[in-house]
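Fold and geometry: a report
Letter by letter, the chains look like this.
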Amino acid sequence: MTDKQHKPIEKVSIVLSKGSLDGVYPGLIMANGARMEGIEATLFFTFFGLEAVMKKRVKKLKVATVGNPAMHMPTILGSIPGVSAFATSMMKKEMDKIDIPPVDEFIEMISDAGAKLYACKATVDMFHLTQDDFVPQVDAIINVGTFYEKSAGAQIIFT
Amino acid sequence: MATKEIAGVQVELDDEGFMTNPEQWNEDIARALAAEEGITELTDKHWEIINFVRKDAKEKGQVPTIRRMNKAGGIATKDLYELFPNGPAKKAAKISGYPKPQGCV
């Protein structure tokens, strides 16, 4: 229910720093949800989070089956070839059932919804990438200072 | 739950002003609800979306998500955000006479 005591959130900046499928989705769902509520949204892809906006990687993100106690799977099982692929296809199926799109389509949807998408300059330099490596929805490559400038008045969410 | 007269009809509304009985809806009510949301004129493009929402919600038992409006209804996401600013899925549902969408996307 609506909280009438506080001022509504008007703007969010979401940092996506993880490159696994399960690491990327929460940030995307929050960004899309913000736009659906009329909240301004800025997305900043940094470190392995950049994979979510890289042309060559966006369709290949995988669920992390190792080092994740919530998978309820011993590490040794999670490391067997094919297990991560299986978990990934299961998650994609369940996502589709509740109308959550694949990551590439979700990125397009969020951009069409009016959110701004940025790639982190430090990571771009570290991995020797250029604007060409990214999907067209990435508005620019910016440094962290510019990210903060663009986040003026926003709540910052780190994922 | 409250009853309110909109465009000359007694309609049932929930606490947030969404209609709870889509059968009570008519086009004049849609215009009045749109005006409440700051949309002063419903254009052909608005009607295309409203008609899709009503048809799909009746068939599926729930209002379509933005993705479904795009995939099944051919409605561009950009257009949706432009025509129903600041909360397109919610506003389209409200103006179409349906309760607030409950999904996360």
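This text goes with the structure placed above it.
Because the structure is predicted, anything quoted here is derived from the model rather than measured. (Residues numbered from 1 in each chain as written. Chains lettered and ligands numbered in written order. Predicted model: local features only at pLDDT ≥ 70, side-chain atom pairs only at ≥ 80, totals over all residues. Heavy atoms only, no water.)

With respect to helix H1 (residues 21–36) of chain A
Residues and elements named next belong to chain A. We count it as follows: For the purposes of this entry, the term helix denotes a DSSP run of H or I that reaches at least four residues, the term strand denotes a run of E that reaches at least two, and both are numbered from the N terminus. By this rule, a helix spans an expected 1.5 Å times one less than how many residues it contains. Burial classes follow relative accessibility: with a 1.4 Å probe on protein chains only, a residue under 20% of its type's maximum area counts as buried, one over 50% as exposed, and anything between as partly exposed.
End to end, H1 covers 22 Å across 16 residues, agreeing with the expected 22 Å (1.5 Å per residue, within 8%). A large share of H1 lies buried, amounting to 12 of its 16 residues. Burial in H1 covers these residues: Leu21, Gly23, Val24, Tyr25, Gly27, Leu28, Ala31, Asn32, Gly33, Ala34, Arg35 and Met36. With its phi angle positive at about 80°, Gly38 sits one or two positions after the end of H1.

Brief notes about the pattern of salt bridges
Formally: Throughout this description, the term salt bridge denotes a Lys or Arg side-chain nitrogen within 4 Å of a carboxyl oxygen of Asp or Glu.
Counting across every chain of the model gives 20 salt bridges over all chains. Because the salt bridges share partners, they merge into one network encompassing Asp96, Asp99 and Glu105 of chain A together with Arg67 and Lys71 of chain B.

Quick look at the sheet that holds strand S2 (residues 40–45) of chain A
Residues and elements named next belong to chain A. Note the threshold: Here, strands pair whenever DSSP counts at least two bridges between them. Only the contacting stretch of a helix is used when fitting its axis, a line to C-alpha atoms as for every element, and angles between N-to-C directions run 0 to 180 degrees.
The strand order across the open sheet built from five strands is S4-S3-S2-S1-S5, with neighbouring strands paired in parallel fashion. Lying at the two open borders of the sheet, with one neighbouring strand each, are strand S4 (140–142) and strand S5 (155–158). The mean angle between the axes of side-by-side strands here comes to 25°, regardless of whether they run parallel or antiparallel. In the sheet, strand S3 (residues 116–120) pairs with S4 via three bridges, with the strands oriented parallel. Residue pairing across strands places Tyr118 opposite Ala140, the latter belonging to S4.

Details of the environment of Lys60 of chain A
As for its position among the elements, Lys60 of chain A is in the loop between S2 and helix H2 (75–78). Expressed as a C-alpha distance, the spacing of Lys60 of chain A and Thr130 of chain A, which sit 70 residues apart in the sequence, is 20 Å.

Description of the interface of chain A and chain B
Keep this limit in mind: Residue contacts are counted whenever heavy atoms from the two residues lie within 4.5 Å of one another. Buried area: the sum, over both parts, of the accessible surface (1.4 Å probe) that disappears when the two are put together. Under the rule applied, a polar contact is a pair of N or O atoms within 3.5 Å (in protein, one hydrogen donor and one hydrogen acceptor; residues adjacent in sequence only if both atoms are side-chain atoms). All amino acids are sorted into three groups, where Ala, Val, Leu, Ile, Met, Phe, Trp, Tyr, Cys and Pro are nonpolar, Asp, Glu, Lys and Arg are charged, and the leftover types, Gly among them, are polar.
Contact residues are listed per partner, giving 19 residues for chain A and 16 residues for chain B. Of the roughly 1,500 Å² buried at the junction of chain A and chain B (both faces included), carbon and sulfur atoms supply 57%. Looking only at chain A, the three residues that lose the most surface to chain B are Met36, Asp99 and Asp112 of chain A, adding up to 40% of its buried area. Among the ionic pairs, Glu105 of chain A bridges to Lys71 of chain B, the shortest N-O distance being 3.6 Å. Taken together, chain A and chain B are joined by five residue pairs in polar contact (both at pLDDT 80 or more). Among the residues forming the side of chain A that touches chain B, the class breakdown is 10 nonpolar, three polar and six charged.

Comments concerning the nonpolar core
All names here are of chain A. To be explicit about the condition: To qualify as a nonpolar core, a set must consist of buried Ala, Val, Leu, Ile, Met, Phe, Trp, Tyr and Cys residues joined through side-chain atoms within 4.5 Å.
Core analysis: the largest hydrophobic core is formed by 69 residues, its most contacted members being Leu28, Phe45 and Val103. Ranked by residues supplied to this core, first place goes to H1 with seven residues. Setting aside residues up to four positions removed in sequence, Phe45 forms contacts with Leu16, Leu28, Leu50, Ala52, Val53, Ile107, Leu117, Tyr118, Ala119 and Cys120. Counting six residues, the second largest nonpolar core, distinct from the first, contains Val15, Cys120, Ile142 and Phe147.

So, the packing of aromatic side chains
Between two aromatic rings, the relevant description is the distance of the centres plus the angle of the planes. Residues and elements named next belong to chain A. Using the following cut-off: Side-chain rings of Phe, Tyr and Trp, where Trp is taken by its six-membered ring, are said to pair if the distance between their centres is within 6.5 Å; with planes under 30 degrees apart they count as stacked, over 60 as edge-to-face, and otherwise as tilted.
Summed over all chains, the structure comprises four aromatic pairs over all chains. Seen in terms of ring centroids, Tyr25 and Phe106 are 6.2 Å apart; in terms of plane orientation they differ by 45°. Their pairing is tilted. Here the residue Tyr25 occupies a position in helix H1, and Phe106 occupies one in helix H4 (residues 103–112), the gap between them amounting to 81 residues. By the burial criterion, Tyr25 is buried, and Phe106 matches it. On the numbers, 4.5 Å between centres and 20° between planes, the contact of Phe44 with Phe147 is stacked. A residue pair is termed long-range when its members are at least 10 positions apart, and Phe44 in strand S2 and Phe147 in helix H6 (residues 144–150) qualify at 103 residues.

Side note on the side chain of Thr159 of chain A
All names here are of chain A. Locating Thr159 in the fold gives a position in the segment after S5. We classify Thr159 as buried; its relative accessible area is 15%. At 2.8 Å, the side chain of Thr159 and the backbone oxygen of Val15 are in polar contact. Thr159 has contacts with Ile14, Val15, Leu16, Ser17, Lys18, Gly23 and Gly27, leaving out every residue within four places of it along the chain.

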